[in-house]
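What the coordinates show
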Amino acid sequence: MIKFSERQLKIPQMQQPVYLVTGGMSKFARSFPEKRTEELVIDSFVEASEFIDKSPAELKKYIHSCYYGHFADHFGDQLLGEAVIHDRLGLDPLGNVGIKTGGATGGSTLWEAFKAVASGYSDCVLAMGWERMDEVPTDEGNHYIASAADKDWETPLGHIYTGYYAVMAQKYWQVFGKEEESFRRTMAEIAVKNRGYARMNPHAQGPMKITVEDVLNSPVVANPLRALDCCLMSVGAACAILCDEKTAFELTDNPLLIYVSAGSHTLRVADRRDMEIPLLPNESPDQYTDLGERFPGGDRYPGFTGFLAARMAAYYGYGMAGIVDPTEDFDLVELHDAFTISDIQTYEDIGIRPYGEGRSYVESGDCYHTNPFTNQPGKLPANLSGGLIGNMHAVGATGIMQAIEVGQHIWGRWAEMHEDQSKWDRFGRTKPDDWTNLQVEDAKRGLAISHAGVGSHVTATILIHPDHQLI
Amino acid sequence: MNIENRGTVRVENGRYRFNGKFHYAYPNNPIRNEDGKLMGVTNPRDVTHVHMYGGEAPFFEGLGKGKLLGTRCINPDCDANGSIFIPFRIHCPDCLSKNEIVDMTGTAQKGATVHTFMITERTGAFNTLPKPIRFVNVEFEGVPTILMGNLAIGEPKIGMKVVPIFNTVNPTYTILDLSWVPAGTDESELPEGFTFG
């Protein structure tokens, strides 16, 4: 049994508020034979500059320190790739540091950038993330990813990270999904939804117009996961500029408050020990006493079914930003849908639904831009970017991309960044005839969850319009 | 590929003694597109890395001798006092004192239970397990952690009883020397080189 001390549960404090001023991203694709990583990084930086009507040279003059998210040196075959990018961006002699926390690298990069401004160290920082996953064959790529598991105890077992995750999916599927066909279809619905939203995103690598049956008929990866339940392997870059209040308003009239928090849990799932469920503000102490009766086998927490790191990131982040009920207080979320089933698990970890009831977030229609049952706006739309399943998972960039996507809704500029024909043309992609504006009307607050592998690291990035603070 | 004289290492007087070759250089090749335009180059390499097990060495030595070793916190002042850890932890994760090694072979043989599992045809490069691979995550009575391993025979199911088998004939000194089979499996059915210990 693990117990936390009160000091460990302290809500993080900032010396000053932090603002997201702008962000940008490159095109995302499975491979980029025609571009070096630095070209993609510069594409994203130029987009961020243009978003606030600044030239790259003007924006660079504000930056005081730099935070670079780049998960796998192996993939890039370049140790200290961050130093190369820093030089190519012309940002020497500013201090810079590389950040790597597996799949959560993008979110962790924002976390470091956030703390640098919150502490007063820097007035303006660059958070830039990228990944280059196309320079080895896929099976070697899978070996590299599996190298982020424990190299003595796990990696030799199949050299396949998906397998280390799939055992958790199997447990959740049996205990909380009860192996029901209806649950399997709910999983598939997420894949259909996110690939469908990706069709409206010119950056997206995996847009598809598919049905639940297409997902259910796709090849089995590891039961219950099929190929179309799984996220993409991608190349691309994304960046964000974070500032203190004074600098933020010098750069733009419309910066957003940003809060970033983080949690972690064992690298080897084998090492997980039991604990009481840490509660979020919208949960009560007696809520889970009968969890094991309602879901036999579900009374072991976090067991192999919950992501403690996600729960802790939400706990710290909600405390900082004054979030009580995520479904009520947020207007949209971008979640780390590495697999359809882990998406459902995350709904519970971050309090969108209680443990055991994640599926109802999808089945109610709440997670859609437009609720298919009521034709009204969804209560809390999820992954309108297409997520990791439909848009991309260029690991170091992913958490940053999610935050930018959420920000574009709160800025009311989502359509501007996704509709422009010249962007579709520049990326060599065909804009669908039924392109739909997914702007969430009057979005004020949003959340992005960045997550590593079996839940070893998770960050929560919360964006709030300054006129709609909760504390 | 010529890998004659592949490197080996001994430790003598606390120092590494290297013998043979630890890396092989190969020429690279240009990568061109359909128009013949240069796009990049291949960067071939073949390296042998040296990896020390440190305090976990007894565990990996034990597998080849048919032993499943865990560890236990023996610090009377620690909340985790008496907790047994598999995977083997050299130090207690709570108090960081040195754990004592405990032989868990008998406990595992009496009844380990599948907590969850996974079956897949997909593997990464360098995989040596037969496909489809079947992972089982195994619970032991009185142990708070859940060990991941490979089911060598049969179809996994949550709640099934399994027993450990060991590559005692020609050990690799890796986690692959440990595998699992359904309880009641006959020794004659085991994969080549594996025994019940």
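Preceding block: the structure.
Residues numbered from 1 in each chain as written. Chains lettered and ligands numbered in written order. Predicted model: local features only at pLDDT ≥ 70, side-chain atom pairs only at ≥ 80, totals over all residues. Heavy atoms only, no water.

**Some details on the sheet that holds strand β7 (residues 236–243) of chain A**
Residue and element names in this part refer to chain A. Spatially, nine strands are ordered β3-β2-β4-β7-β1-β8-β11-β10-β9 in an open sheet, and the strand pairing comes out mixed. Edge strands, defined here as strands with exactly one partner in the open sheet, are β3 (95–99) and β9 (332–334). On average, adjacent strands in this sheet sit at an angle of 25° to one another, irrespective of strand direction. In this structure, strand β2 (residues 65–69) lies alongside strand β4 (residues 124–131), joined through five bridges in parallel fashion. By the bridge assignment, Gly69 is partnered in β4 with Gly129. This element, helix α1 (residues 37–51), spans β1 (19–25), β4 and β7 of the sheet and lies at about 130° to β1. (Pairing = 2+ DSSP bridges. Helix = DSSP H or I, 4+ residues; strand = E, 2+ residues; numbered from the N terminus. Axes fitted to C-alpha atoms, helices over the stretch in contact; angles between N-to-C directions. Contact = heavy atoms within 4.5 Å.)

**A closer look at the packing of aromatic side chains**
Summed over all chains, the structure comprises 26 aromatic pairs over all chains. For the ring pair Tyr288(A) and Tyr355(A), a centre distance of 5.6 Å and an interplane angle of 65° mean the geometry is edge-to-face. Of this pair, Tyr288(A) sits in the loop between β8 (256–264) and α11 (291–294) while Tyr355(A) sits in the loop between α14 (340–349) and α15 (359–363), and the two are 67 residues apart along the sequence. Overall, the relative accessible area of 10% leaves Tyr288(A) in the buried class. A relative accessible area of 4% places Tyr355(A) in the buried class. Ring centres 5.3 Å apart and planes at 70° place the aromatic pair Tyr301(A) and Tyr355(A) in the edge-to-face group. Of the two residues, Tyr301(A) is situated in the loop between α11 and α12 (308–321) and Tyr355(A) in the loop between α14 and α15; the sequence distance between them amounts to 54 residues. One aromatic cluster in this structure is built from Trp153(A), Tyr53(B), Phe59(B), Phe60(B) and Phe88(B). (Phe/Tyr/Trp six-rings, centres within 6.5 Å; stacked < 30°, edge-to-face > 60°. Buried < 20%, exposed > 50% of the residue type's maximum accessible area, 1.4 Å probe, protein only.)

**A few points about the side chain of Gln408(A)**
Residue and element names in this part refer to chain A. Positionally, Gln408 belongs in helix α17 (residues 395–410). In this structure Gln408 comes out as buried when scored by relative accessible area, which is 2%. With sequence-adjacent residues up to four places away left out, Gln408 is seen in contact with Met25, Phe51, Arg413, Trp414, Met417, His418 and Gln439.

**Considerations on the sheet that holds strand β8 (residues 84–85) of chain B**
All names here are of chain B. The three strands are arranged β8-β7-β9 in an open sheet whose pairing can be described as antiparallel. Across the chains shown, the open sheet's two edge strands, defined by having one partner strand only, are β8 and β9 (100–103). Sheet topology note: the strand β7 (residues 69–72)/β8 ladder contains two bridges and is antiparallel. Counterpart to Thr71 in the pairing with β8 is Phe85.

**Structural notes on the pattern of salt bridges**
Considering all chains together, one arrives at 36 salt bridges over all chains under this definition. Note that Glu250(A) and Lys246(A) form a salt bridge whose closest N and O atoms lie 3.1 Å from each other. With Glu250(A) and Lys246(A) both in helix α10 (residues 245–251) and four residues apart, this pair spans about one turn of that helix. Glu250(A) gets classed as partly exposed once you look at its relative accessible area, which sits at 42%. Classification of Lys246(A) by relative accessible area gives exposed; the value is 62%. One salt bridge connects Glu12(B) with Arg10(B), and the closest N-O pair in it is separated by 3.9 Å. Looking at Arg10(B), the relative accessible area reads 55%, which means it is exposed. The structure contains a network of salt bridges with shared partners spanning Arg36(A), Glu38(A), Asp87(A) and Arg88(A). (Salt bridge = Lys/Arg side-chain N within 4 Å of Asp/Glu carboxyl O.)

Keep in mind these values describe shape, not function.
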